[in-house]
Structure formats: structure tokens, C-alpha cells
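Close look at the chain arrangement
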Amino acid sequence: MSEIFKRTKTLATIGPATDSEETIDQLIAAGLDGCRLNFSHGTYEKMDEFISWIRKAAKKYNRNVTIVQDLQGPKIRLGQIKDNYIEIHEGDDIILDYAVKEHDGGLTLPIQYNLAEKVKVGEPVYLFDGHIQSHVQEIVSDTAIRITAENDGFLNSNKGVNLPDTGFGGDIFPEKDIRDIDWGATRDFDYVAISFVQTAEDIRIFRKMLEERNYDAKIIAKIETKGAVMDDKNLEEIVEATDGIMIARGDMGYEVGAEIVPVVQRKLIRLCREHSKLCIVATQTMASMVDNPMPTRAEVSDVANAVIQGADVIMTSEETAMGKYPVETIKEVGKVISYVQEHVEMTDNAPREPQSDNNDYDAIAEAAANIAARIEADAIICQTASGRTARAMAAQRPRLTIYAATPSEHVANQLSLIYANRAFVRDEDPEAGLKLARELRENGTLIPRDGRDYVEVVIVSGENVDGGTDTVKIRRI
């Protein structure tokens, strides 16, 4: 029997809990496929250190590991609160003033964004991730607004503010993000994630920014705003424009309501598959493991459902950035993925209708997947220079590992997050796929089934003069 390889991948947020070369090494040894560096926190020096540790461990274990630069975006936060605490009571009138630099202990609070320029009277404002709910009552000045608290609670410094009905008019690239993009363009990132995307135009603007800086990374659009998800046409246009999607369920829940999030998740996984785009399910996947060595049954079911729905990636956040059990978390996610993929059929695995901008790739990939299923192949081998063939193949969601041969280490690292893909850097060669299949047979990665003295593979490659994908072969080795 050939090796068991998890088809849904794992992506871990790196932070204080994983801030050591030893822990990074343990995460990758445990099967981690990608690392997310959150640019809301940390210095450039620390990010350089993380990148070095990740690449060193990946080389040690002969693995390709994705590194994602996740930009902060226009995260609206309160400023510094006196003594880092203020009690709020239902009916309190609170002033949020961009001009206030030092809080005096009263109900006029500093805020790190000038909401007076954006909000309208009557729009909801949620403080501290929804712990304090309110609506805009008045635009007090050019820099201040008045809201009325609708429940009791408390606030601390730098807590987030959500405004689900407020339009920000494409204002999603603050100065900090521009600096971080400039820095990231000189480093070894495979993907860059942008926050609070509302329209496909945000993606087009961002892609141009990357091109101007020769920043060769794929784009991940974080879906978390009401403006992005409440119109199906707009949502599909975002998927079409980007290279990947992160379903940021935390902020999305505050923006649209928690009950809507599972519906959006399933819709986005299907759209990403239809358009051959990366899909990451994020936020609170194993939240209890911040403090506990084992997940809850509900968390296991949540991860399992994402696998069954066909997500490319399960992402951890606080669990690996701040938690007590980061390595155990990745192991637990891996256990769920490995068991579920072998025992449950994907719920949405009907033949997909090609929707990408190149039907040739989709048609070849669909044919290859059907052939592999019909002949009960042991593996699918893709020859790919850009990764496009491997992504199209993954969109078919085969129940086999896709072994990708590519001449580019950068492409191999990007494919580490793509469903069912395991990439190998090999010289450009018309026979690269066949040679890789033979190598995998010889080293024991591919093992004949009972009753066979050979392994059977489907090889997807290109033999036309333009270098595109046009050939499917069956080979016994």
C-alpha cells in the first residue's frame, strides 16, 4: 500500500508560542504544510528569523513549506485606555475621537481611525469584538462620533472595532501595509494575504501594487466583511480575481452574524473549487487547545466538516501563536484530516463545471481525474512549471495524492498548500513526470497493491510547442 498522505493541508500562525527554532522544527516534523506570519505583530527582524527557521526545518525534512505574509489591513482599534480598563453601562454615551491622544478616564475614548469621515448616523458599531454593541447617534465633529452603549461590559486598550454597515470605499491599504509590502517584496514569501477585501477591484489594485514591486507572490483575499459576502455576484467576482481565499470566520461573524458563517464557508469552498483557487478555513478551528492538550468534540467536528466540504487548508491562529500546545494542535488537526479523508466521501464531489479562464487545463484535469478513478490508479503525477496544472488537478478533488514535478522551488512551496499536492523540485525535462514516478516506486513511496507487481500512475504533462498542458498518459511501473 502506498503512503498515507493528508490531502487537506495545515497552516499555522506563528507567534510567541512558536518563537523558537526548536518549536518550528517540531511543527514541520509534525506535518505542518505552511506558516502564516501575522504582520499585525512583530518586528522585521523577528520575521526574518522566522523565515530562516522555517526554511531550515523544511530543508532538514526534505519538505516544501509555504510562508504567508498576512497584512494587517485597516483594522480599526481603540487607543490606549487609562489603566487599560473602563467599565461601560447600558445607555452610556461614548465619544470616539481620533483627535484624542491621551485618555482621561472618562467616556471620551481615543480611536486609531477617523470614523467621522466614514460613518453615518444609525450604523452599528461593535466594540471589543462585539462585547459592547452600539449605534452611531451623532457626528460630533470632524474627528469624533457619539455612540450609545446597548449593554453592560468593559473595554481595554487597543480592542477592535467592527462596523458591518460602513463603507470604506477601497481604503484598505494603510501606510503600515505599504511599508510591509515593500519589505515583503525583498523576502521569501509564497503568498501575501490582504484583509477586509470588499470587491474584486481591491484585488486588482493590490495585484498592480505587487507587480510594480516585482513581488512574485500569490494573493490570498481574506473574506470577513459584510460588503464582500452579502452579494453572491460580488463574492464570485472576488474569487475570480484572487489566487486564494481565507474564510476569516471571526470578524465575519461580527459583521454578518454567526449563523451566516457556515453558509458562506460552504459557498466559498465550492466557488474556489469551481475556479481552481486556494481555499483556507480559518479561526477557532481548535480554539480550546490554547489552554487544553485535547480539542473539544465540536472542534473536531468543525475541522472534519471543512475536510468533507473540500477545503484546501485548515488554519490555526491563537492555538499556535499564543497557545500552550502548538505542536499538539497541528498533530490533532492532522489526525482528523487523515481519518476523515479515508472514511468519508466529500459531500460536494459531483463533477465540476469548468469556470476558469482556461478551459483546456480544466478539461485535461477532469479527464485525468476520471481516468485515475476508472483504472484505480495509485497516484497522479503532474509536470508543471507555473503550478497551474497541479491546481487544476486539485480542483477535481481526486482521492489520490498529486505528485507535482516542477523546476521552481518557489512554485513547489506554493503548491504545499494546494489540496492533495506534494511537490518535488526537478529539472525541466519532457520525461520529468515519468522519472518522478519511477523514483517514488524505487524509494517505497508508491507500493504495489496486493496482487500486483507494479504501480499504475496517470501522468499529466505538456508536449505542445507553447508549453501548455495537453497530454494524459497511463504508465505501469
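Shown above is the structure to which this text applies.
Everything quoted here is computed from the prediction, not taken from an experiment. (Residues numbered from 1 in each chain as written. Predicted model: local features only at pLDDT ≥ 70, side-chain atom pairs only at ≥ 80, totals over all residues. Heavy atoms only, no water.)

Okay, the overall build of the chain next. Helices and strands together make up the secondary structure of the chain, namely 15 helices and 21 strands. For the chain, the C-alpha radius of gyration of 24 Å lies close to 23 Å, the compact-globule estimate for 477 residues. Principal-axis analysis of the C-alpha atoms places the extent of the chain at approximately 80 × 45 × 40 Å. With 477 residues in all, the chain has 57% of them scored as buried. (Helix = DSSP H or I, 4+ residues; strand = E, 2+ residues; numbered from the N terminus. Rg over C-alpha atoms; globule rule 2.2 N^0.38 Å. Buried < 20%, exposed > 50% of the residue type's maximum accessible area, 1.4 Å probe, protein only.)

Once that is clear, we can look at the nonpolar core. By size, the foremost hydrophobic cluster in this structure holds 70 residues, and its most contacted members are L37, F206, I223 and I245. Among the elements that take part in this core, helix α2 (residues 44–60) stands out by supplying seven residues, more than any other. Dropping the residues within four chain positions of it, F206 is found in contact with L71, F173, I181, V192, I194 and I219. L278, I280, M315 and A377 belong to the second-largest nonpolar core, a separate cluster that totals 38 residues. (Core = buried A, V, L, I, M, F, W, Y, C linked by side-chain atoms within 4.5 Å. Contact = heavy atoms within 4.5 Å.)

Attention shifts here to the state of the cysteines. Should the sulfur atoms of two cysteines be covalently bonded, the bond is a disulfide. With the rule as written, the count across this model stands at zero disulfides. Free of any disulfide, C272 has its nearest cysteine sulfur in C279, 4.1 Å distant. Residue classification places C272 among the buried positions, given a relative accessible area of 0%. (Disulfide = S-S within 2.5 Å.)

Now for the sheet that holds strand β1 (residues 9–14). If you trace the eight strands once around the closed barrel, you get β1-β2-β3-β12-β13-β14-β15-β16, paired in parallel fashion. Across the sheet, the axes of successive neighbouring strands diverge by a mean angle of 25°, strand direction being ignored. Direction of pairing for strand β14 (residues 244–248) relative to strand β15 (residues 278–282): parallel, over a ladder of five bridges. Looking at β15, one finds that M246 is bridged to I280. (Pairing = 2+ DSSP bridges. Axes fitted to C-alpha atoms, helices over the stretch in contact; angles between N-to-C directions.)

Residue placement: S301 occurs in helix α9 (residues 297–309). Accessibility expressed as a relative area gives 40% for S301, which makes it partly exposed. When the C-alpha positions of S301 and V336 are compared, they lie 8.8 Å apart, and in sequence the two are 35 residues distant.

With that settled, consider the pattern of salt bridges. One pass over the structure, following the stated rule, counts 34 salt bridges. With a shortest N-O distance of 3.3 Å, R207 and D243 are connected by a salt bridge. With R207 in helix α4 (residues 200–212) and D243 in the loop between α6 (232–241) and β14, this residue pair connects regions lying 36 residues apart in the sequence. The exposure class assigned to D243 is buried, which follows from its relative accessible area of 18%. (Salt bridge = Lys/Arg side-chain N within 4 Å of Asp/Glu carboxyl O.)

The next subject is α9. Between its first and last C-alpha atoms α9 spans 18 Å; for 13 residues at 1.5 Å apiece the expected length is 18 Å, and the two agree. Along α9, the residues that are buried comprise E299, V303, A304, A306, V307, I308 and Q309. On its buried face, α9 sits against α8 (261–274), β15, β16 (313–316) and α11 (326–343). After α9 finishes, the residue G310 shows a positive phi value of roughly 105°. (Expected span 1.5 Å × (residues − 1).)

Moving on: the sheet that holds strand β9 (residues 144–149). Taken together, the six strands give an open sheet; going across it, the order is β6-β5-β9-β8-β7-β11, and neighbouring strands pair in mixed fashion. What marks the edges here is a single partner per strand, and that holds for β6 (108–110) and β11 (161–162). Pairing analysis gives five bridges linking strand β8 (residues 132–139) to β9, with the strands arranged antiparallel. In the strand pairing of β9, E138 is matched with R146.

A separate point is the pairing of strand β12 (residues 191–194). Of the two faces of β12, the one lined by Y191 and A193 and the one lined by V192 and I194 are each fully buried. As paired strands, β12 and strand β13 (residues 218–223) are joined by four bridges and run parallel to one another. In the strand pairing of β13, V192 is matched with I219. After leaving β12, the chain enters α4 and then returns to the sheet as β13, a path that is right-handed. (Right-handed = clockwise from strand over helix to strand, strands pointing away.)

Turning to α2, a few remarks are in order. Along its 17 residues, α2 runs 24 Å from first to last C-alpha, staying within 8% of the 24 Å computed at 1.5 Å per residue. Taken together, the buried residues of α2 touch β1, α1 (21–29), β2 (34–38), β3 (66–70), α3 (175–184) and α14 (409–415). Positive backbone phi, approximately 55°, marks N62, located one or two places after α2.

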